[in-house]
Amino acid sequence: MSKNKSSESVKVVVRCRPLSRKEESSGPAGGIVQMDLRLGQVILRNPRAPPSEPQKTFTFDAVYDANSKQRELYDESVRPLIDSVLAGFNGTIFAYGQTGTGKTYTMQGAWLDPEKRGVIPNAFDHVFTHISRSQSDKQYLVRASYLEIYLEEIRDLLDPNHTNARGLELRENPDTGVYVQDLTSCVCKSIKEIEEVMNVGNQARAVGATDMNEHSSRSHALFLITVECSQPGPDGRKHIRVGRLNLVDLAGSERQAKTGVQGERLKEAAKINLSLSALGNVISALADGRSGHVPYRDSKLTRLLQDSLGGNAKTVMVATLGPAPQHYDETLTTLRYANRAKNIQNQPRVNEDPKDALLREFQREIARLRAQLNYRKWRSKQKNEQMEGESWDGDREKETEGEEDEEVEKEAEEYVKLEEQRLEREKEAIRGDEYMVAEEKQRLLGEKERMMVDLRKEQEATEQLTAKYKAMESKLLVGGKNIIDHTNEQQKMLEMKRQEIAEQTRNEREIQQQMLAQDEETLELRETFTSLQQEVEAKTKKLKKLYTKLQCIKAEIKDVNDEHVKSRQELEQTQNELTRELKFKYLIIENFIPPEEKNKIMNRLIFDPEEDQWKFQPLVPAERSMKKRPASAVGYKRPLSQYARVAIAMGGHSRYRVSVAVKWDYSGLATSSPGCPNLMVYLSFSQLDNRNNL
Ligand code: ADP
Ligand code: MG
């Protein structure tokens, strides 16, 4: 199953949105985020610090400033990932950042404006354009699902009843990893269809929420696309590759205030950021590399993204920032988070011939339907032949598949028409036959009529089968067929050039970053000093540089410490509130529930780690809920009394000789039971004599 076992790190890119009008009017300070696009660096200014304090610099795989276009981000940072998915890798893109910094803008964007279409619509175009341009020996099956995680519950956004239904469960499969059980998945044949799926999900998301803004800042949305591709290998057999793409719009990363809430609201507040803080912990544990345990199981989101973080997937993280000074703290946290994620190593590999490939099932079903249709064709031919007395031309069976489809239909129609005409002619002949007795005429006409009905039924069945076959086959997309009308050579060239440019920019940036790092290391080696004075100057310069670095690191340590203290205080606060809540519950239990009742309840409780909940064990185990028939005495069919046993031994009374005297039988015919005319009953007297040993 594995091809490429090499590991690669999570790609992290940062995007900063422009200042909003409100932010522009509220202060003259301007943005606090500067970007060096060439080097892929973000420089953050602390608006509260004195000007002497050095600015913080972070380096990423790519950075996109306020003027960046959606298309740039896609071509440079997302396109290679989607290409990998089409080649059978798992891929994940997730947008992380504070609410209002452009996560949804980056992932979805404005659909109607081609300039502002985000990652998701561009990915749709990309996938279907790729399929339409691939070789014709490739078959594709594209599926889409859409879910959201809200208050630690997974909701299927494509299920019309999702607002009422219970949250979906996560399951684990050793081959394919963690998946959502019973999640709706729609087969999509074109861009239009997959966009429709997206729209349906977006509407469902909006309908379920009382305040869409608040809802979207607290829920995670996951759009999943599975692309299965089958292609004949060198061994002549068809091989299937499955690429799964997760497009994730995360909840807002800002801290949610939890103070002063109680009861249900407290539980809710504790759950709101659970997935996000668990994600942070997972990223820290993976980036650290030293801790053996990665807490994937702490939340639904981290379990779903288990493969994307440190597993079998290629991952791109888009961290979004706002430039406003008032959000300095949040911006810094986002940058730290993103910086940590850079160190995560994944082990992507091509998913080849997995057991659960749906494409394989579809191919089998199509082959089965085709065989059925061919059989019908053969049968109608045979009948034709009998009718016309012609010989069956066996060679004609070897037609190409495409031709055969149309041929089957045409011939079936023709056959039915001819048969109908023939039956009509025969009926006419019967009617016109003066020598035939009227009764005989009627009988023959009736027979012909029946044949006519049979014929029509047969035709209907064939039509249904053909429709089913066509529907199944249309779900599979064949490479090289033009499913997108606007593709032409020029466009293809343009896209290729764009890709080349994006590739070059990426390479350039990498080289620049490497050069910068090397420069610092080799500065000393390359320097030759002509005079002592020069040496002092050079060394002072270096000292200054190192001193600035030291100050930066010191500030960093302080920041990290502050952050730890803050989150610790928050955790303590939550703990205090939970303890208070617990004491309250204890008080009620101790004072109002009798101890024996409490014990009974306690004994019945079990913890379900899958659902992270305590559950009641059923009072009666499921398999014993039906009362069993008591076991019989050894050698007998049923329990016997002492008296009966003696009677049997004596060979006396017939009452003890049979167990079943009445038998239902459908073949024998004696008396018809009056209430139920179809059921014939007879008494099996003969058995009375034969069965003397019970
Ligand atoms: P989030 O999903 O992170 O809460 P949104 O994507 O809803 O944030 O963005 C908030 C607002 O900022 C929207 O009105 C959006 O149009 C605007 N916006 C975000 N990023 C950009 C950008 N790069 N260029 C222009 N406008 C942007
Ligand atoms: Mg959003």
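What counts, and where the lines are drawn
- Residues numbered from 1 in each chain as written.
- Chains lettered and ligands numbered in written order.
- Predicted model: local features only at pLDDT ≥ 70, side-chain atom pairs only at ≥ 80, totals over all residues.
- Heavy atoms only, no water.
- UniProt positions renumbered as here; feature names shortened; annotations may be inferred.
- Helix = DSSP H or I, 4+ residues; strand = E, 2+ residues; numbered from the N terminus.
- Contact = heavy atoms within 4.5 Å.
- Buried < 20%, exposed > 50% of the residue type's maximum accessible area, 1.4 Å probe, protein only.
- Patch = residues over 30% accessible without salt bridge, like charges linked within 9 Å, V, L, I, M, F, W, Y side chains within 5 Å.
- Areas by Shrake-Rupley, 256 points an atom, 1.4 Å probe, with all protein chains shown as cover.
- Salt bridge = Lys/Arg side-chain N within 4 Å of Asp/Glu carboxyl O.
- Lys, Arg positive; Asp, Glu negative; His and termini not counted.
- Charge placed at Lys NZ, Arg CZ, Asp CG, Glu CD.
- Bend = angle between axes of the 7 residues up to and from the residue.
- 1 Å grid on protein atoms, 1.4 Å probe; cavity = no way out; pocket = protein on both sides within 12 Å on 5 of 7 lines; lining within 4 Å.
- Points joined across faces, edges and corners; volume = space filled by probe spheres on them.
- Nonpolar A, V, L, I, M, F, W, Y, C, P; charged D, E, K, R; others polar.
- Near = heavy atom within 4 Å.
- Polar contact = N/O pair within 3.5 Å; in protein donor to acceptor, adjacent residues only side chain to side chain.
- pLDDT = per-residue confidence, 0-100.
- Phe/Tyr/Trp six-rings, centres within 6.5 Å; stacked < 30°, edge-to-face > 60°.
- Lys NZ or Arg CZ within 6 Å of the ring centre and 35° of its normal.

- As annotated in an unreviewed UniProt entry, the chain carries the name Kinesin-like protein and comes from Amphilophus citrinellus.
- In its Sequence similarities (unreviewed entry) section, the UniProt entry covering the chain states "Belongs to the TRAFAC class myosin-kinesin ATPase superfamily. Kinesin family."
- Check the Subcellular location (unreviewed entry) section of the UniProt entry for the chain; it says "Cytoplasm, Cytoskeleton".

**Comments concerning the side chain of Thr 106**
- Among the secondary structure elements, Thr 106 is positioned in helix α3 (residues 103–107).
- Filtering out sequence-adjacent residues up to four positions away, Thr 106 remains in contact with Arg 15, Gln 70, Leu 73, Gly 118, Val 119, Val 318 and Thr 320.

**Some remarks on the UniProt feature "binding site: ATP" (unreviewed entry) in the chain**
- In the numbering adopted here, UniProt assigns the feature "binding site: ATP" (unreviewed entry) to Gly 97, Gln 98, Thr 99, Gly 100, Thr 101, Gly 102, Lys 103 and Thr 104.
- Relative to the helices and strands, Thr 99 resides in the loop between β7 (91–97) and α3.
- Judged by its relative accessible area of 37%, Thr 99 falls in the partly exposed class.
- If we ignore the near neighbours within four places in the chain, the residues touching Thr 99 are Ser 217, Gly 252, Ser 253 and Glu 254.

**Structural notes on a negative patch on the surface**
- Taken together, the side chains of Glu 413, Glu 414, Glu 460 and Glu 463 make up a negatively charged region of the molecular surface.
- Those elements that place two or more of their residues in the negative patch are α12 (401–432) and α13 (438–475).
- Checked against the element boundaries, Glu 460 lands in helix α13.

**Some details on helix α2 (residues 70–86)**
- Roughly 55° is the biggest bend found in α2, and it falls at Val 78, with proline Pro 80 one to four residues downstream.
- With 13 of its 17 residues buried, α2 lies for the most part within the structure.
- Phi for Gly 88, located one or two positions after α2, is positive at around 105°.

**Brief notes about the layout of surface pockets**
- Size it by volume and the second largest pocket reaches roughly 1200 Å³.
- If you go around the second largest pocket, you meet 33 residues; those closest to its centre are Arg 255, Ser 277, Gly 280, Asn 281 and Ser 567.
- Listed by contribution, the elements that provide at least two residues to the lining of the second largest pocket are α8 (274–288), α10 (328–341) and α15 (532–592).
- Here the element with the most residues in the lining of the second largest pocket is α15; it accounts for nine residues.
- Of the residues that constitute the lining of the second largest pocket, the class distribution is 10 nonpolar, 14 polar and nine charged.

**Focus: the site of ligand 1**
- Taken together, Arg 15, Arg 17, Pro 18, Gln 98, Thr 99, Gly 100, Thr 101, Gly 102, Lys 103, Thr 104 and Tyr 105 form the complete shell of residues around ligand 1.
- Lys 103 has a polar backbone atom sitting 2.8 Å from an oxygen atom of ligand 1.
- If one sorts the elements of the shell around ligand 1 by residue count, α3 sits on top with three residues.
- Its residues assigned to classes, the shell around ligand 1 comprises two nonpolar, six polar and three charged.

**Looking at the confidence of the model for the chain**
- Residues at a pLDDT of 70 or more form 81% of the chain, whose mean pLDDT is 81.
- Below pLDDT 50 for its whole length, residues 659–694 participates in 42 contacts with residues either more than four positions away or in separate chains.

**Considering the pattern of salt bridges**
- Counted according to the given criterion, the structure contains 40 salt bridges.
- Arg 336 is paired through a salt bridge with Asp 559; the nearest N and O atoms lie 3.2 Å apart. In this pair, Arg 336 is assigned in helix α10 and Asp 559 in helix α15, connecting sequence segments 223 residues apart.
- The class of Asp 559 is buried, set by a relative accessible area of 19%.

**Some details on the packing of aromatic side chains**
- Considering all chains together, one arrives at six aromatic pairs under this definition.
- Each ring, one from Tyr 146 and one from Phe 223, has its centre 5.2 Å from the other, and the planes form 70°; the classification is edge-to-face. Pair noted here: Tyr 146 is in strand β8 (residues 139–150) and Phe 223 is in strand β13 (residues 220–232), with a separation of 77 residues, a long-range link. Comparing Tyr 146 with Phe 223, the two get one shared label, buried.
- These aromatic residues form a ring-pair network of at least three members: Trp 111, Phe 124, Tyr 146 and Phe 223.
- Cation over ring: Lys 314 sits above Phe 89, and NZ or CZ is 4.7 Å from the ring centre.
- If you follow Lys 342 out to its NZ or CZ, it ends over the ring of Phe 60, 5.3 Å from the centre.

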